[in-house]
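Coordinate inspection notes
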Amino acid sequence: MTKQPVVQLENISKVIGNKTIIDQLSFELYPGEVVGFLGPNGAGKTTTIRMIVGLMAPTSGKILIEGIDIDQEFEKAIRHVGAIVENPELYKYMSGYNNLVHYARMVDGVTDERIEEVIELVGLQNRIEQKVKTYSLGMRQRLGLAQALLHKPRLLILDEPTNGLDPAGIREFRDYLRYVADQEGVCVLVSSHLLSEIELMCDRTLIIQSGKLIGEKQIQVKQEKSQGQKIVRFEVSPVDKAVSLLSSTYQAVSDGFEVEMGREAVAALVQKLVAENIQIYAIETRVKSLEDEFLEITGGKSVD
Ligand SMILES: Nc1ncnc2c1ncn2[C@@H]1O[C@H](COP(=O)(O)OP(=O)(O)OP(=O)(O)O)[C@@H](O)[C@H]1O
Ligand SMILES: [Mg+2]
C-alpha cells in the first residue's frame, strides 16, 4: 500500500511501576480498512488504545496520526480521531437527536447536515427523535458510533464495541462498521478478544500478547478461503499406524488426527490408509479458522 497511513505507532512502550505493559509496539493502519486488535485479556489492547487517543502517554516511542506527532501537536492530531473507549457516553433522558446536538456543540465545525448524515450512516432515522432510554443496546451502540463520527475523523477506535450484544446485534453493528469504512474512507480499529467476531468483521488483524505484536493476519474473503487449505479430521483405527503414514505434521485428536491439506492430498491419503488396511470411520473437513491460526501463533497460551 502506498497511501499515507492514518496511524503509525513506532516502538511504543509503556512501563507502569516496574512492569512493561506495552513492549516496543509498532504498526501502521490505512484509510478504509477495518482492523481487528486481538489479544487475550490483559494483553494490552486498552492500554494501547488509551495511548492512541491521548488518554495516557507512552513511556517511549512515537505515535503519528495523519503524519502528526500526538506528543508535539496534540490538538491537531487528535482532531482526526473518533473513539468509543468502554461505553459511549449518552444521556438517557434525551432523544438520540439531542444527544448528537449536545455533543456537536462541544466540537468545532459540525453542521446540521453532518448530524443528518451520521444518523443515516448508522440507520437511526426512524428512532432518532425518541429518548435513548427506549433504545436497545444495539441502537445505543449505533448512536455512539454516530457521535464518534460527527467530526469526520480519519480514525475510529472502538474498544470491545460488541460487549453485551447478541449475535444478531453483533452482525448488524459489524455491517454498519464496514459501511462506514467504505463510505467515509475512515480507518477503523476494533479491539476484541473474540476471535470469531474479529474474523467476520475485519480486513486485517493485529494480534498482541503481553504487550508485544506477535502476529498479523490478512483475512481473506470467504470464497478464497474455501478454496484454500483445509483442516481434515480423520477418525481411524489403529491411530498410531495411520499417523506413521503421514508425511506432514498432524494434530492428535480423540480416535484420530487432524491435518492441514488440499483436496488432492485427501484422496491420496485415503488410498494409502485403505491399502494399509486401516479402518476409516469418518472424514470431516473444515476451513482453517482464525482461531486455529491464533492458537498456532500464541501457542495456546494465555497471559496473567
Ligand atoms: N494503570 C495501570 N497500572 C498498572 N497496571 C496496569 C494499568 N493499566 C493496565 N495495567 C495492566 O496492563 C496489562 C494490560 O492491560 P489492558 O487493560 O491494556 O489489557 P487488555 O488487552 O485491554 O485486556 P482485556 O481484554 O481484559 O480488556 C494488564 O496486565 C493490566 O493489569
Ligand atoms: Mg481492554
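Residues numbered from 1 in each chain as written. Chains lettered and ligands numbered in written order. Predicted model: local features only at pLDDT ≥ 70, side-chain atom pairs only at ≥ 80, totals over all residues. Heavy atoms only, no water.

So, on to the environment of lysine 272. As for its position among the elements, lysine 272 is in helix 10 (residues 263–275). A distance of 3.2 Å separates a polar side-chain atom of lysine 272 from the backbone oxygen of leucine 245. (Helix = DSSP H or I, 4+ residues; strand = E, 2+ residues; numbered from the N terminus. Polar contact = N/O pair within 3.5 Å; in protein donor to acceptor, adjacent residues only side chain to side chain.)

This part is about a negative patch on the surface. A contiguous patch of negative charge, built from Asp112, Glu113, Glu116, Glu120 and Glu129, is present on the exposed surface. With respect to the secondary-structure elements, glutamate 129 resides in the loop between helix 4 (112–121) and helix 5 (137–149). Glutamate 129 gets classed as exposed once you look at its relative accessible area, which sits at 60%. (Patch = residues over 30% accessible without salt bridge, like charges linked within 9 Å, V, L, I, M, F, W, Y side chains within 5 Å. Areas by Shrake-Rupley, 256 points an atom, 1.4 Å probe, with all protein chains shown as cover. Salt bridge = Lys/Arg side-chain N within 4 Å of Asp/Glu carboxyl O. Lys, Arg positive; Asp, Glu negative; His and termini not counted. Charge placed at Lys NZ, Arg CZ, Asp CG, Glu CD. Buried < 20%, exposed > 50% of the residue type's maximum accessible area, 1.4 Å probe, protein only.)

Time to look at the sheet that holds strand 11 (residues 230–237). Strand order in the open sheet made by the four strands is 12-13-11-14, with antiparallel pairing throughout. A single partner strand is all that each edge strand has here, and the edge strands are strand 12 (251–253) and strand 14 (279–287). Direction aside, neighbouring strands of the sheet carry axes that sit 25° apart on average. With three bridges joining them, strand 12 and strand 13 (residues 256–261) adopt antiparallel strand pairing. By the bridge assignment for strand 13, glutamine 251 is matched with glutamate 258. On the sheet, helix 10 packs against strand 11, strand 13 and strand 14 and is oriented at approximately 10° with respect to strand 11. (Pairing = 2+ DSSP bridges. Axes fitted to C-alpha atoms, helices over the stretch in contact; angles between N-to-C directions. Contact = heavy atoms within 4.5 Å.)

Note: strand 1 (residues 7–16) against strand 2 (residues 19–29), seven bridges, orientation antiparallel. Residue valine 7 lies in a different strand from strand 2, and its bridge partner there is leucine 29. The loop that links strand 1 with its antiparallel partner strand 2 comprises two residues; one of these, glycine 17, has a positive phi angle of about 65°.

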